[in-house]
Amino acid sequence: MTDATWRNWAGNQVAHPVAVHRPSSEHDLAAVVKQAAAEGARVKVVGSGHSFTDIACTDGHLIDLSGYNRVLSIDTEARTATVQAGIRLEDLNRQLDLRGLAMPNLGDIAYQTISGAVSTSTHGTGRKLTGLAGQIAALRLVLGDGTCVDCSPDEEPELFHCARVGLGALGIISTVTLDVVPAFNLAVVEEPMRVDSLLEDLDTHVDGNDHFEFFWVPHTGWALTKRNNRTDEPLAPRGRVSEWWNDRFLQNYAFGALCRVGRVRPQWIPRLAKALPAAGRVSYVDQSYRVFASPRLVHFYEMEYAVPRSAGAEALNRIRRFVDDSGLLLNFPVEVRFTAPDDIPLSTASERESCYLAVHIYQGMDYEPYFDGVEAIVTDLGGRPHWGKLHTQTAGSLSGRYPQWERFAAVRDRIDPDRRFANAYLERVLGP
């Protein structure tokens, strides 16, 4: 399709590519790249469009993976699954569950594509678990001349090492092979806690649970906590009405209404915020993939940074003071999660335990004063930005925060010397 306009999920990024392609095979993917190479044009790929940065924007050829989304094979004995790059996590997890398998960890949004999620260092929470890219066993990439290459720890190992979080800079992911685990249930406890008490004993909460996260509600002293622990207990899910009431009505329809009121009457936001921690303790047991992800129908802008885990409490306390001192009126909670270190060069958790702090602003409201203030705090603590979420960092400010930065740069220079897969965003964060 030519003369197209593309927008991301949040509506804050717009691209005007020369053409939009919707491949259904690897041959189609490679043909687009060969065409772009012949024209001297650039190529970018989009999945669900859930990145808030311009990481997918291009004035060249844009590839939409929505029709390239099949499960190719699932090996129940080896516990691996090979899928096309455009499959959405929700569809992948349903297919895995039918075969008694699951991904060991997930983020809280399931409509991302697998390639977009791993390329931007998307993660869940869990002190012993890495982000989604740490689950990759092998990749197949389309390179800048249209040729295809398999990479794994044994085949093109250096490319594999870097391409697990590649930002789309090392080629187009065609297929992903994931290490998966036997399907498991999670025992869930959700309850509000006083945030001061929570932060005083934060390590106990993080280390005492398989998956722990919380949401500080601005203008209150409360945090909404969520503990997910693997269990052999039988399923005891919420009833259909209860699930709809919490996940659809309260977290989306009602919350969206509060956000719309707050956008028109921001002076009401502190009073409206007190409604969020009003619910009591909730517990249930459900399948892991149904617990990890929740529907997100309220559109927003987001920034997220990973700081060293040891700096997590300090970071949130400084953000709390900034919010109080600035007089900003905020209607979204601050999300806090934790992961184990990994060895991936551009992973936000590369070689360190991490605490993630995510801040949001309702769509249509000015996010810059809030995000700028938070970014200054987390930058002071060595923060690394989520590649798909808003930030103002450059290659110059980022290179010293990643121990293997030069290793990635060397692979990029070898694999894409013509910068076939570059765009304005990659030139800013990786260099020209």
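Keep in mind the model is a prediction, meaning the values are calculated, not measured.

Student: How should the overall build of the protein be read in this particular structure?
Tutor: When helices and strands are tallied, the protein shows 14 helices and 20 strands. Pairs at least 24 residues apart make up 73% of the contacts formed inside the protein by residues separated by at least 6 positions. As presented, the protein carries roughly 17,200 Å² of accessible surface, and 49% of it is formed by carbon and sulfur atoms.

Student: Looking at this structure, how should I read the sheet that holds strand β4 (residues 43–46)?
Tutor: Strands pair in a sheet through their backbones, by hydrogen bonds, and they do so in one of two ways: parallel or antiparallel. Strand order in the open sheet made by the 3 strands is β3-β5-β4, with parallel pairing throughout. Sheet topology places β3 (19–21) and β4 at the edges, where each strand pairs with a single neighbour. Between one strand and the next, the sheet's axes are offset by a mean angle of 25°, whatever the strand orientation. As judged from the 4 bridges shared by β4 and strand β5 (residues 61–64), these two strands associate in the parallel manner. Across the sheet, the residue bridging to Val 45 is Ile 63, located in β5. Taken strand by strand, helix α1 (residues 26–39) contacts β3, β4 and β5, and its axis lies near 175° from that of β5.

Student: It is not clear to me how empty space enclosed by the protein should be interpreted in this structure. Could you clarify?
Tutor: Over the atoms rolls a probe the size of a water molecule, and in doing so it shows where empty space is left. A complete count under the given rule lists 3 cavities of 30 Å³ or more for this structure. By volume, the largest cavity is sized at about 70 Å³. Lining the largest cavity, in full, are Asn 105, Leu 106, Gly 107, Asp 108, Gly 124, Thr 125, Glu 213, Lys 226, Asn 228, Val 291, Phe 292 and Arg 337. Among the elements of the structure, β15 (222–231) and α9 (288–292) are those that each provide at least two residues to the lining of the largest cavity.

Student: What am I meant to see in the pattern of salt bridges here?
Tutor: Opposite charge on two side chains allows them to pair when their charged atoms are near. For the coordinates displayed, the defined rule picks out 23 salt bridges. Ionic pairing is found between Glu 190 and Lys 226, a salt bridge with its closest N-O pair at 3.9 Å. Taken as a pair, Glu 190 in strand β13 (residues 185–194) and Lys 226 in strand β15 lie far apart in primary sequence, 36 residues in all. Looking at Glu 190, the relative accessible area reads 16%, which means it is buried. Ionic pairing is found between Asp 380 and Arg 318, a salt bridge with its closest N-O pair at 3.0 Å. One end of the pair, Asp 380, is in helix α11 (residues 368–380); the other, Arg 318, is in helix α10 (residues 312–326), with 62 residues separating them in the sequence. Here the salt bridges share partners, and the residues they tie into one network are Glu 302, Glu 304, Glu 335, Arg 337 and Lys 389.

Student: I would appreciate a short explanation of the sheet that holds strand β16 (residues 282–287) in the present structure.
Tutor: Strands sit in the order β16-β13-β15-β14-β18-β19-β17-β20 across an open sheet of 8 strands; the sheet is antiparallel. Only two strands of the sheet have a single neighbouring strand rather than two, namely β16 and β20 (384–385). Summarising the sheet, strand β17 (residues 300–308) and strand β19 (residues 354–362) pair through 9 bridges and their orientation is antiparallel. Within β19, the residue paired with Ala 306 across the bridge is Tyr 356. Sheet strands in contact with α10 are β14 (211–216), β17, β18 (334–339) and β19, and its direction is about 25° off that of β19.

Student: How should I be thinking about the packing of aromatic side chains in this particular structure?
Tutor: By convention here, two paired aromatic rings are described through the distance between centres and the angle between planes. A full pass over the atoms with the stated rule returns 12 aromatic pairs. The rings of Trp 9, Phe 52, Tyr 111, Phe 300 and Phe 332 are connected pair by pair, giving a single aromatic cluster. Over the ring of Trp 222 we find Arg 194; its NZ or CZ atom is 4.7 Å from the centre of that ring. The lysine or arginine in question, Arg 384, covers the ring of Tyr 402, its NZ or CZ lying 4.9 Å from the ring centre.

Student: Quick question: what am I supposed to make of helix α2 (residues 89–98) here?
Tutor: A turn of α-helix holds 3.6 residues, and therefore any two residues three or four places apart point the same way. Among all positions of α2, only Leu 89, Leu 92, Asn 93 and Leu 96 are buried. Burial along α2 is one-sided: seen end-on, the buried residues are contained in an arc of 95°. Residues of α2 that are buried in the fold lie against β6 (71–75), β7 (80–84), β8 (101–102), α3 (114–119), β11 (172–179) and α9. Positive backbone phi, at 75°, marks Gly 100, one or two positions downstream of α2.

Student: Would you mind showing me how to read the nonpolar core here?
Tutor: What tends to happen in soluble globular proteins is that the nonpolar side chains get buried as a cluster. Ranked by internal contacts, the top residues of the largest apolar core, which has 69 residues, are Met 103, Ile 114, Leu 159, Leu 167, Leu 346, Trp 387 and Leu 430. When residues in this core are grouped by element, the largest group, 5 residues, is from α1. Not counting residues within four places of it along the chain, the set of residues in contact with Met 103 comprises Leu 89, Leu 92, Asn 93, Leu 96, Ile 114, Leu 132, Gln 135, Leu 178, Val 181 and Phe 184. Counting residues in each nonpolar core, the second largest holds 45 residues, with Leu 202, Val 307, Ile 319 and Phe 332 among its members.

Student: Would you explain the side chain of Arg 320 in this entry?
Tutor: With respect to the secondary-structure elements, Arg 320 resides in helix α10. Take Arg 320: its relative accessible area is 14%, and that puts it in the buried class. Those residues in contact with Arg 320 that sit more than four places away from it in its chain are Val 195, Asp 196, Leu 199 and Trp 216.

Student: Looking at this structure, I do not really get the environment of His 360. What am I missing?
Tutor: Tracing the chain through its elements places His 360 in strand β19. Its relative accessible area of 8% is what places His 360 among the buried residues. Residues His 360 and Tyr 301, spaced 59 residues apart in sequence, show a C-alpha to C-alpha distance of 5.5 Å. Side-chain polar atoms of His 360 contact the side chain of Glu 302, separated by 3.3 Å.

The rules behind each value
Numbering of residues begins from 1 in every chain and follows the order in which that chain's sequence is written. The model is predicted, so local features are restricted to residues of pLDDT at least 70 and side-chain atom pairs to those at 80 or more, both for listing and for counting; the totals for chains, interfaces and linings are taken over all residues. The basis for the side-chain values is all heavy atoms of the structure; hydrogens and waters are excluded. Per the convention used, a helix needs a DSSP run of H or I reaching at least four residues, while a strand needs a run of E reaching at least two, with both numbered from the N terminus. Residue contacts follow a heavy-atom distance rule, with two residues in contact if any of their heavy atoms lie within 4.5 Å. What sets the accessible areas is the Shrake-Rupley method with a 1.4 Å probe; for residues, cover comes only from the shown protein chains. Any two strands between which DSSP finds at least two bridges are classified as paired. Simply put, an axis is a line fit to the C-alpha atoms, just over the touching stretch for a helix, and the angle between two N-to-C directions goes from 0 to 180 degrees. A pocket, in this scheme, is an open set of points on a 1 Å grid over the protein atoms alone with protein on both sides within 12 Å along at least 5 of 7 lines, while a cavity is a set where a 1.4 Å probe fits but cannot get out; residues line either one if an atom lies within 4 Å of a point. Grid points are joined across faces, edges and corners, and a volume is the space filled by probe spheres set on the points. In the sections that follow, a salt bridge refers to a side-chain nitrogen of Lys or Arg positioned within 4 Å of a carboxyl oxygen of Asp or Glu. Here's how the labels work: a residue is buried when its accessible area is under 20% of the maximum for its type, exposed when over 50%, partly exposed in between, all with a 1.4 Å probe on protein chains only. Within 6.5 Å between ring centres, the rings of Phe, Tyr and Trp (the latter by its six-membered ring) count as paired, and their orientation is classed by plane angle as stacked under 30 degrees, edge-to-face over 60, tilted in between. Any Lys NZ or Arg CZ that is within 6 Å of a ring centre and within 35 degrees of that ring's normal is treated as a charge sitting over the ring. When we speak of the arc, we mean the arc of directions from the helix axis to the C-beta atoms. Here, nonpolar core refers to any group of buried Ala, Val, Leu, Ile, Met, Phe, Trp, Tyr and Cys residues whose side-chain atoms link them within 4.5 Å. Counting of polar contacts relies on pairs of N or O atoms within 3.5 Å, with two restrictions inside protein: one atom must be capable of donating a hydrogen and the other of accepting it, and residues adjacent in sequence are counted only when both atoms are side-chain atoms.

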